[in-house]
Amino acid sequence: MSDDKNRVYIFDTTMRDGEQSPGASMSLEEKLQISNLFDQIGVDIIEAGFPAASKGDFEAVSEISKILKTSIPCGLSRHIKKDIDACNEALKSAERFRIHTFISTSPLHMKHKLNKSSEEVLEAIKEHVTYARKFTDNVEWSCEDGTRTDIDFMCRTVELAIKCGAKTINIPDTVGYSVPSEFTKIIKHLINNVPNIDKAILSTHCHNDLGLAVANSLAGVVAGARQVECTINGIGERAGNAALEEIVMAMKTRNDLMPFHTNINTKLLSKASKLVSSATYPVQFNKAIVGKNAFAHEAGIHQDGMLKHRNTYEIMKPESVGVKQSSLVMGKHSGRHAFKEKLNDLGYTGVTDDIIQIAFGKFKVLADKKKHVYDEDIAALVDDSLIKEDNVIILKSLRVFAGTGEPQKADMTLEVYGEIKKATETGDGPVDAIFKCVKKLYPHEVKLQLYQVHAVTEGTDAQATVSVRIEENGKTTVGQAADTDTLVASANAYLNALNKMIIKRKKTAPEEYEQKKMKGI
Ligand code: KIV
Ligand code: ZN
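Thresholds, definitions, all that
Residues numbered from 1 in each chain as written. Chains lettered and ligands numbered in written order. Predicted model: local features only at pLDDT ≥ 70, side-chain atom pairs only at ≥ 80, totals over all residues. Heavy atoms only, no water. Helix = DSSP H or I, 4+ residues; strand = E, 2+ residues; numbered from the N terminus. Rg over C-alpha atoms; globule rule 2.2 N^0.38 Å. Buried < 20%, exposed > 50% of the residue type's maximum accessible area, 1.4 Å probe, protein only. Contact = heavy atoms within 4.5 Å. Areas by Shrake-Rupley, 256 points an atom, 1.4 Å probe, with all protein chains shown as cover. Lys, Arg positive; Asp, Glu negative; His and termini not counted. Charge placed at Lys NZ, Arg CZ, Asp CG, Glu CD. Near = heavy atom within 4 Å. Polar contact = N/O pair within 3.5 Å; in protein donor to acceptor, adjacent residues only side chain to side chain. Nonpolar A, V, L, I, M, F, W, Y, C, P; charged D, E, K, R; others polar. Pairing = 2+ DSSP bridges. Axes fitted to C-alpha atoms, helices over the stretch in contact; angles between N-to-C directions. Patch = residues over 30% accessible without salt bridge, like charges linked within 9 Å, V, L, I, M, F, W, Y side chains within 5 Å. Salt bridge = Lys/Arg side-chain N within 4 Å of Asp/Glu carboxyl O. Donors = N, O, S within 2.8 Å, 3.2 Å for Na, K, Ca; no water. Core = buried A, V, L, I, M, F, W, Y, C linked by side-chain atoms within 4.5 Å. Parallel < 35°, antiparallel > 145°, perpendicular 65-115°, else oblique.

Trainee: Help me out: how do you make sense of the overall build of the protein in this one?
Mentor: Within the protein, the regular secondary structure consists of 17 helices and 16 strands. Taken against the 2.2 N^0.38 rule, which gives 24 Å for 521 residues, the C-alpha radius of gyration of the protein at 25 Å falls within 12% of a compact globule. Along the first, second and third principal axes, the C-alpha set of the protein runs to 75 × 65 × 40 Å. Across the 521 residues of the protein, 55% fall into the buried class. Counting contacts in the protein only where the partners sit at least 6 residues apart, residues at least 24 apart contribute 67% of the total. Of the accessible surface of the protein, which amounts to about 23,300 Å², a share of 51% is contributed by carbon and sulfur atoms. Across the protein, the 68 positively charged side chains and the 70 negatively charged ones have centroids separated by 1 Å.

Here you go:
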């Protein structure tokens, strides 16, 4: 760790806490792509999962540990030895790794969740932090429900964890209950009252139930914390975690008040946001830093001010987070080489030749159909081509009959487990007819929770991005797809969500998956 007193470490938990939010489960392929990008961006520590929680989590942590060049991989564990063993097993191929172990310390959690006295919790800390230290000198300890913990007891737990070898002490606002003044007080109290606090870095981990996760994290940093736990797009349990992009840009933009710095290459933030949202769920339009409207100026008076001097209404340059103004760049005569250059320009540096080939094919089709091809169109094409893992169901063709005076009808051909199947269905609108076709060709019982369409750029020839969220036995997945034809995008988004559900079934219920596969469902 650096001697620089103003250096703030960024601990990303998009793939652990972030994945705990409904609809956010990611495939291994997606996690590897995200990890690669986080490594490039300069995330210091990547919490890649909870290895003891499932085979899928174990595999993800293990594979991510093998590919990281700079970021330190980390796994989460309860105060259970087999959890710590699983972390060590999953992480051991990395040169350096961190084990993050936690236990609840609030009266409410100790009594109702753990059924342990405070002395028993202290015993557990001693035993498990010491045990984790056998595998690595990089151990992080967290007091779950920290902000509802008695402050004197917290001081005892923190002192003990440091004595047993923890190098990072994380203070979670697990239920998003704290406010900045209180969070400041907690961090300051620890700094002033824990005798060995100088032997560890203090960390914040704030949830957003009251919309204060970022404010609380920054208050923690100002008070003396030097690690922030956060997620891209602020995804996470319930209302989410502190958003990485907001924390980093707040410190950068208001460096006059918060003279801290991170190792994050902010120009890749927009790209990270898009990659995470394409693997999980869409970002709200007005989301700070990475929302579609974050740098849009609609009101005439604002536009006028902007034209006179950008600083009138712009506190950050869009380019500083990797947002470029829409520019007409490529046309149907652009070749593969120019396309590849363009991808580099847009920040898609690690994309394989296979993906470039697929995306280029789609670009040619798009350039034939659409008058103006914008950067955002190209980004949507690549994102759409990037995440296609083990698809069981593939759309082969679709014809839709829509309009007034006739029942809307869809003719569809799908490939399901390698077999070509055709169906025709009528519906209450064309989307209903399409989804009925899918159901006929691939019988399933999922519930449709969300269907959302938005345009990638302006104009009636814009590509539409469709998001679909489905639910099966309490598990949710989100599918996304882009196309100039909204109905084709709708079909592909629904199939994307179904394919993800099938992959999830394969990981979490392999027997059920095999039985269903035998029946072709
Ligand atoms: O919110 C929380 O308390 C957590 C811990 C496991 C750090 O996610
Ligand atoms: Zn959390």
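Having seen it, we continue.
Trainee: I would appreciate a short explanation of the site of ligand 1 in the present structure.
Mentor: Every residue close to ligand 1 is listed here: R16, D17, H100, F102, S142, E144, P172, T174, H205 and H207. Contact distances for ligand 1 include 2.6 Å between an oxygen atom and a side-chain N or O atom of T174. A distance of 3.1 Å separates an oxygen atom of ligand 1 from a polar side-chain atom of H205. Relative to its free-state accessible area of 260 Å², ligand 1 is covered by the protein chains to the extent of 95%. Listed by contribution, the elements that provide at least two residues to the shell around ligand 1 are β4 (98-104) and β5 (139-144). Looking at the shell around ligand 1 residue by residue, the class counts come to two nonpolar, five polar and three charged.

Trainee: I would appreciate a short explanation of the sheet that holds strand β11 (residues 393-401) in the present structure.
Mentor: Hydrogen bonding along the main chain pairs the strands of a sheet, whether they run parallel or antiparallel. One open sheet holds the three strands; their spatial order is β11-β12-β13, and the pairing between them is antiparallel. Two strands bound the open sheet, and with one partner strand each, they are β11 and β13 (419-427). Mean inter-strand twist for the sheet, computed between neighbouring axes without regard to direction, equals 15°. Of the pairings in the sheet, the one linking strand β12 (residues 408-416) to β13 comprises nine bridges and is antiparallel in character. For Q408, the partnering residue across the bridge sits in β13 and is G427. Strands in contact with helix α15 (residues 430-441) are β11, β12 and β13; relative to β13, the strand with the most contacts, it is inclined by about 140°.

Trainee: I keep staring at a nonpolar patch on the surface and nothing clicks. Help me out?
Mentor: Taken together, L448, Y451 and V453 make up a surface patch of nonpolar side chains, about 240 Å² in accessible area. Mapped onto the fold, V453 is located in strand β14 (residues 447-455).

Trainee: Help me out: how do you make sense of the coordination of the zinc ion (ligand 2) in this one?
Mentor: For a metal with four donors in a tetrahedral arrangement, the ideal angle between donors is 109.5 degrees, while six donors in an octahedron ideally sit at 90 or 180 degrees. Distances from the zinc ion (ligand 2) to its protein donors, D17 (OD), H205 (NE2) and H207 (NE2), fall within 2.0 to 2.1 Å. In the primary structure, the donors to the zinc ion (ligand 2) are separated according to the pattern D-x187-H-x1-H. When its relative accessible area of 5% is taken as the criterion, H205 is described as buried. We classify H207 as buried; its relative accessible area is 4%.

Trainee: What is the right way to look at the pattern of salt bridges in this model?
Mentor: Counted according to the given criterion, the structure contains 25 salt bridges. Here K66 makes a salt bridge to E63, at a shortest N to O gap of 3.0 Å. Separated by three residues within a single helix, K66 and E63 lie in helix α2 (residues 55-67), roughly one turn from each other. Look at E63 and you get partly exposed, because its relative accessible area is 26%. Ionic pairing is found between E245 and K287, a salt bridge with its closest N-O pair at 2.8 Å. Of this pair, E245 sits in helix α9 (residues 244-253) while K287 sits in the loop between α10 (269-279) and α11 (300-308), and the two are 42 residues apart along the sequence. For the pair E245 and K287, a shared accessibility class is recorded, and that class is buried. Among the charged side chains, a network of salt bridges with common partners joins R16, D17 and E47.

Trainee: I tried to follow the nonpolar core on my own but got confused; where do I start?
Mentor: Generally speaking, soluble globular proteins have nonpolar side chains that are buried together. Membership of the largest hydrophobic core comes to 87 residues, with the highest contact counts inside it found for F38, W141, V158, I169, I171 and L190. With 34 residues, the next largest nonpolar core counts A433, C437, Y442 and I470 among its residues.

Trainee: In this structure, what is going on with the packing of α2 against helix α3 (residues 81-91)? I would like to understand it.
Mentor: For any two helices packed against each other, one specifies the inter-axial angle together with the distance between the axes. Axis separation between α2 and α3 bottoms out at 7 Å; the angle between their running directions is 40°. When the interaxial angle is binned, α2 and α3 end up oblique. Here F58, V61, S62 and S65 of α2 come into contact with α3, specifically with A86, E89, A90 and L91. Residue composition of the contact of α2 with α3, grouped by class: five nonpolar, two polar and one charged.

Trainee: Where do I start with the environment of I502 in this structure?
Mentor: As for its placement among the helices and strands, I502 is situated in helix α16 (residues 486-508). Taking relative accessible area as the criterion, I502 reaches 1% and is therefore assigned buried. Discounting chain neighbours no more than four positions away, the residues touching I502 are V392, I393, Y417, Y442 and Y513.

Trainee: Could you clarify how one ought to interpret the side chain of T13 in this entry?
Mentor: Note on placement: T13 falls in the loop between β1 (9-12) and α1 (28-41). Apart from residues lying up to four places away in sequence, T13 is in contact with G18, E47, H205, C230, T231 and N241.

Trainee: When you look at the environment of N344 in this model, what are you seeing that I'm missing?
Mentor: Relative to the elements of secondary structure, N344 occurs in helix α12 (residues 336-345). Residues N344 and A48, spaced 296 residues apart in sequence, show a C-alpha to C-alpha distance of 27 Å.

Trainee: How should I be thinking about unusual backbone geometry in this particular structure?
Mentor: Keep in mind that most residues, glycine aside, have a negative phi and that most peptide bonds are trans. Here R238, not a glycine, exhibits a phi torsion of approximately 50°, which is positive. With respect to the helices and strands, the residue R238 is situated in the loop between β8 (227-230) and α9. In this model, Y417 sits at a positive phi of 50°, which is unusual for a non-glycine residue. Structurally, Y417 can be placed in the loop between β12 and β13.

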